[in-house]
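Below, each chain spelled out in residue letters.
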Amino acid sequence: MRNTRDTKSLFELSKPGRRATLLPKCDVPARPLGSLLPASVLADLPPQLPELSEPAVVRHFVNLSTQNMSVDTHFYPLGSCTMKHNPKRNERAAAMPGFGDVHPYAPEAAIQGLLELLYDMQQYLSEISGLPACSLHPAAGAHGELAALLVAAAYFRDRGEKRTKVLAPDSAHGTNPASAAMAGFDTVTVKTLKTGAVDLDDFRAKLDDNIAVFMITNPNTVGIFEPSMKIIADEVHARGGLIYLDGANMNAILGVARPGDFGADMQHYNPHKTFSGPHGGGGPGAGPICVTEALAPYLPMPIVRKSSSGQFSLDFSMPKSIGHLRAFFGNTGVLVRAYTYIRAHGPDGLRRVSEHAVLNANYLLSKIKHFLPVPQGERCMHEFVASGADLKATKGVSAMDLAKRLLDYGFHAPTVYFPLTVKEAIMIEPTESESKETLDAFAEVLFRITEEDPELLHEAPHSTPISRPNEVQAAREPVLSWKS
Ligand SMILES: *Cc1c(COP(=O)(O)O)cnc(C)c1O
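In this text, all values refer to a predicted model and were calculated from it rather than measured experimentally. Each residue is numbered by its place in its chain's sequence as written, counting from 1. Local features in a predicted model are, by the rule used here, given only for residues with pLDDT of at least 70; side-chain atom pairs are given and counted only at 80 or more, and totals for whole chains, interfaces and linings are based on all residues. Side-chain descriptors were evaluated using all non-hydrogen atoms of the structure, hydrogens and water having been removed beforehand.

Participant: Outline the packing of helix α6 (residues 141-158) against helix α7 (residues 175-182), listing residues and values.
Facilitator: Interaxial angles span 0 to 180 degrees and are taken between N-to-C directions of axes, which are lines fitted to C-alpha atoms, for helices over the stretch in contact. The helix count covers DSSP runs of H or I at least four residues long, the strand count covers runs of E at least two residues long, and both are numbered beginning at the N terminus. Remark: α6 packs on α7, axes separated minimally by 9 Å, with the N-to-C direction vectors making an angle of 40°. As judged from the angle between their axes, α6 and α7 are oblique. As α6 packs across α7, the resulting crossing turns out to be right-handed. For the pair formed by α6 and α7, the contact residues are A142, E145, L146 and L149 on the first element and T175, N176, S179, A180 and M182 on the second. Orientation is classified from the angle alone, with under 35 degrees giving roughly parallel, over 145 giving roughly antiparallel, 65 to 115 giving roughly perpendicular, and any other angle giving oblique. Each helix crossing is assigned a hand: it is left-handed if the near helix lies turned anticlockwise from the far helix by less than a right angle, otherwise right-handed if that turn is clockwise. For this analysis, residues touch if any pair of their heavy atoms sits within 4.5 Å.

Structure follows, in structure tokens:
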């Protein structure tokens, strides 16, 4: 059970005159601010800052931090988002002054080490994806999707082709159709079968010479590897279209299958998922994209290049590039963490990461499917989607009730109601970094919850500082000031 200490804001804890630091008495004559600065830059009132001692501030933030659930404190089986352990060596590397304290306008000659790391990172990501050109520029997975679709649009424009259609399966992440719309395409949804695979009849009915891009997540969001991947890629290519791989599920196939080999022309990575960067709560990410040789000229700038004499530079002069989508050269803090993770594991280690992620997911699947049906669930890749539909029909207990009740037992809630193709979806991704004991404990608790009194579940969680906030209202109408 969790504590519910101190949820007052710093402003409520404030007492006039409290300070963390006492300054010595001023030894020069005091002068009013108005005599030093023009009136136009002075505020009418001093800022309303809270006044507290240092221990009070430390306690406040440390106590707040213990009210959070994180990968460092709890099992976090959040499907699709790959919440794995963040090795602390990544943090040490990212905090090194040559990485952490670099000014974005530092001259290239002064940041050769950082540029070398970024150059190597481009190479590693290309090698893992089987796609030869890479840009580290985009700021997150969804931003990578947008970048790649703009690359596709620039490619077709350059060839004088007008293609307006992006196809995506109904199990796709919401960012796929959103990115397509932002890049100026019309999205057409392709049905998937009960097995989770793309419905080839529906795919063929919607495929025509107007196709620009087929966006696919593989393994897909129900945790299966698309059995018709090659057929889909061949037929899209025969029409002159491109395949985009949503790389959020790369944790299942590192060193096992390369998207470039199974037909992808472009893909994004989520280094904050696959390569163990901390994320959540809207925290930092990155969205590097890799593409084929034919698409390389259109990549967002800059690309890190290496000269024949071994000097590293940022290439800002790519005439066909889609340009910049953000400031500077990328979220380097996240990229340094991912680089450290890749180097620490090496090629064989990365393959073992995926093998263990798939093994852990299948182990959990085999324990859970007996009491919570998994519609696509004989075998899975790195995640699977259980359905609470029966439980809802028989006991009135929803997927949300189950997820919220897990919090009382010290487990982070899994992803629920995604993908939309599974009723009362509960999407579970254990990742490779969990032990058998943790997986057993989770399966046991989940089973116990399905047997509990529905009344107890409707009002869960019971042990957290607040129970069920209105999530939609909290997102749409955030209260950002302490007095309103
Ligand atoms: C997380 C995710 C994305 C979006 O990635 P962000 O880094 O969160 O922008 C896209 N598709 C899938 C399947 C995802 O899980």
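Participant: Summarise the site of the ligand; cite the residues concerned and give the values.
Facilitator: Residues are labelled near a given molecule or strand when at least one of their non-hydrogen atoms is within 4 Å of it. The immediate surroundings of the ligand are formed by S80, A140, G141, A142, E145, H173, T175, D246, A248, N270, H272 and K273. The term polar contact refers here to a pair of N or O atoms within 3.5 Å; inside protein, the definition further demands a hydrogen-donor-capable atom paired with an acceptor-capable atom, and it admits residues adjacent in sequence only when both atoms are side-chain atoms. Within the backbone of A142, an N or O atom sits 2.8 Å from an oxygen atom of the ligand. Take K273: an N or O atom from its side chain is 2.8 Å from an oxygen atom of the ligand. Within the complex, 87% of the 380 Å² of free accessible area of the ligand lies under protein. A 1.4 Å probe that fits into a set of points on a 1 Å grid over the protein atoms alone but cannot get out defines a cavity; an open set with protein on both sides within 12 Å along at least five of seven lines defines a pocket, and lining residues are those with an atom within 4 Å of a point. A molecule is said to be in a cavity or pocket once over half of its atoms fall within 2 Å of that pocket's grid points. Because more than half of its atoms lie within 2 Å of the grid, the ligand is assigned to the second largest pocket. Those elements that place two or more of their residues in the shell around the ligand are α6 and α10 (271-274). In the scheme used here, Gly and all other residues not listed as nonpolar or charged are polar, with Ala, Val, Leu, Ile, Met, Phe, Trp, Tyr, Cys and Pro taken as nonpolar and Asp, Glu, Lys and Arg as charged. The residue makeup of the shell around the ligand, split by class, is three nonpolar, six polar and three charged. Only the protein chains shown count as cover for residues, and all accessible areas are computed by the Shrake-Rupley method using a 1.4 Å probe.

Participant: I'd like to hear about the pattern of salt bridges, residue by residue, with values.
Facilitator: Where charged atoms from two side chains of opposite charge approach closely, those side chains can pair. Only one rule defines a salt bridge in this text: a Lys or Arg side-chain nitrogen within 4 Å of an Asp or Glu carboxyl oxygen. Throughout the structure, instances matching the rule amount to 23 salt bridges. Among the ionic pairs, R159 bridges to E161, the shortest N-O distance being 2.8 Å. We note a salt bridge from D261 to R258, for which the minimum N-O separation is 2.9 Å. Only protein chains enter the accessibility calculation, which uses a 1.4 Å probe. A residue is then buried if its area is under 20% of the maximum for its type, exposed if over 50%, and partly exposed in between. Judged by its relative accessible area of 54%, D261 falls in the exposed class. Via salt bridges that share partners, R159, E161 and R163 belong to a single interconnected network.

Participant: Which residues make up the domain arrangement of the protein, and what values go with them?
Facilitator: These domain boundaries are the output of an automatic or database domain assignment. On domain assignment, one finds that the protein holds domain 1 (10-66), domain 2 (89-344) and domain 3 (349-476). Placing the centre of domain 1 and that of domain 3 at their C-alpha centroids yields a distance of 46 Å.

Participant: Break down the layout of surface pockets for me, with residues and values.
Facilitator: Grid points are joined across faces, edges and corners, and a volume is the space filled by probe spheres set on the points. Here the largest pocket defines a volume of roughly 1100 Å³. Taken together, 35 residues form the lining of the largest pocket, with N68, M69, Y76, G281 and H412 sitting closest to its centre. When residues of the lining of the largest pocket are traced back to their parent elements, those giving at least two are α13 (399-408) and α16 (471-476). The biggest single contributor to the lining of the largest pocket is α13, with four residues.

Participant: Any chance you could break down α7 for me, citing the residues and the numbers?
Facilitator: Buried within α7 we find N176, S179 and A180. Within α7, the buried residues cover an arc of 100° as seen down the axis, which keeps them to one side. Among the structural elements, α6, β2 (165-169), β3 (186-190), β4 (211-217) and β5 (242-246) are those in contact with the buried residues of α7. The arc under discussion is defined with respect to the helix axis, by the directions toward the C-beta atoms.

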